[in-house]
Structure formats: C-alpha cells, structure tokens
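Here are the chains, one letter per residue:
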Amino acid sequence: MLIIGLAGLAIGVLVASSRVPRMRWIEFFSTLALLVPVIWLMVQMGYNSFFETLTLVVTVLLASALYAGLLWKRENIDPSVTYWKWVWMECVNSRYVRSMYRESRRIDSFQVTPHS
C-alpha cells in the first residue's frame, strides 16, 4: 500500500508540473503513460483489487491538486489568494486559473515605465 501511495504521489507531482502554469501536452501525456507500467507492476505484485486502484487514483489527484496549488501560489498572480484557495480553484476550474495567468502576463508585458 505504501508503494502505491508513493507512486501516486510521484505521478501526481509530475501531472501538476506539466499543467502549471500552462498546459504542456507532451509532458502531460508522457506522465499519464507512466501509469501503464505502474498498473502493470501493481498487477504483478498482487495489488489488483478495487481498493488499491482507488488508492492510486485518489493519491494522483490529491498530489496533483496540492502541488498545483503550491505552483500557482509561487506564480504570485494574486497575492491575496491563499494556498488552499489555489488548490480549490485548481480542482474546480483549472482552465480559469490558467486564463488568469495568461491575462496577468499580458498586463505585465504592457506596463510602461514613465520617462524622466
């Protein structure tokens, strides 16, 4: 069970890093492809019950959301938003968070410094 939790944690972190701050499809699908050998290894080791599979899926989703919240907080898009709010927004509507990121980068690029 510990092996399943650690594998889910590692894959969840990789999924989050491929999705934040912008979606990188090749890295995302490569990370998801890691699930195939992990599931094959689970079957070979005898971890093929519904509970173990559910544990893997839940740890992947949980680790992905928690790490994505940390990455969004580091981007400092809106300093008033807490870490847990970033985690919640990543779970509920990650596309909206990425659009906030793109909009903040667009505004930053158009800021003009006054000439002296």
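Residues numbered from 1 in each chain as written. Predicted model: local features only at pLDDT ≥ 70, side-chain atom pairs only at ≥ 80, totals over all residues. Heavy atoms only, no water.

Enquirer: Quick question: what am I supposed to make of the overall build of the chain here?
Expert: Check the secondary structure of the chain and you find 5 helices and 0 strands. Its helices and strands taken in sequence order, the chain reads α-α-α-α-α from the N to the C terminus. What you see for the chain is a C-alpha radius of gyration of 18 Å, clearly larger than the 13 Å of a compact globule of 116 residues, by over 25%. The principal-axis extent of the C-alpha atoms belonging to the chain is close to 70 × 25 × 20 Å. Looking at the chain residue by residue over its 116 residues, the buried ones come to 34%. Across the chain, the fraction of contacts at a sequence separation of at least 24, relative to all contacts at a separation of at least 6, is 56%. Here the chain holds 11 positive side-chain charges and 7 negative ones, and the gap between their average locations is 3 Å. (Helix = DSSP H or I, 4+ residues; strand = E, 2+ residues; numbered from the N terminus. Rg over C-alpha atoms; globule rule 2.2 N^0.38 Å. Buried < 20%, exposed > 50% of the residue type's maximum accessible area, 1.4 Å probe, protein only. Contact = heavy atoms within 4.5 Å. Lys, Arg positive; Asp, Glu negative; His and termini not counted. Charge placed at Lys NZ, Arg CZ, Asp CG, Glu CD.)

Enquirer: Looking at this structure, how should I read the packing of helix α1 (residues 2-19) against helix α2 (residues 25-33)?
Expert: For any two helices packed against each other, the geometry is given by the interaxial angle and the distance between the axes. Interaxial distance between α1 and α2 falls to 8 Å at its minimum, and their mutual angle equals 170 degrees. Put simply, α1 runs roughly antiparallel to α2. Here the hand of the crossing between α1 and α2 comes out left-handed. Along its contact with α1, which presents I11, L14, V15, S17, S18 and R19, the element α2 presents E27, F28, T31 and L32. Taken together, the residues of the contact of α1 with α2 sort by class into 5 nonpolar, 3 polar and 2 charged. (Axes fitted to C-alpha atoms, helices over the stretch in contact; angles between N-to-C directions. Parallel < 35°, antiparallel > 145°, perpendicular 65-115°, else oblique. Left-handed = near helix turned anticlockwise from the far one by under 90°. Nonpolar A, V, L, I, M, F, W, Y, C, P; charged D, E, K, R; others polar.)

Enquirer: Please explain the nonpolar core as it appears in this structure.
Expert: Across soluble globular proteins, nonpolar side chains have a tendency to be buried as a group. Core analysis: the biggest nonpolar cluster contains 12 residues, these being A16, V20, A68, L71, W72, I77, V81, W86, M89, V97, M100 and Y101. Residues contacting W86, with those up to four places away along its chain left out, are G69, W72, K73, I77, D78, V81, V97 and M100. Counting residues in each nonpolar core, the second largest holds 10 residues, with I4, M23, M42 and L56 among its members. (Core = buried A, V, L, I, M, F, W, Y, C linked by side-chain atoms within 4.5 Å.)

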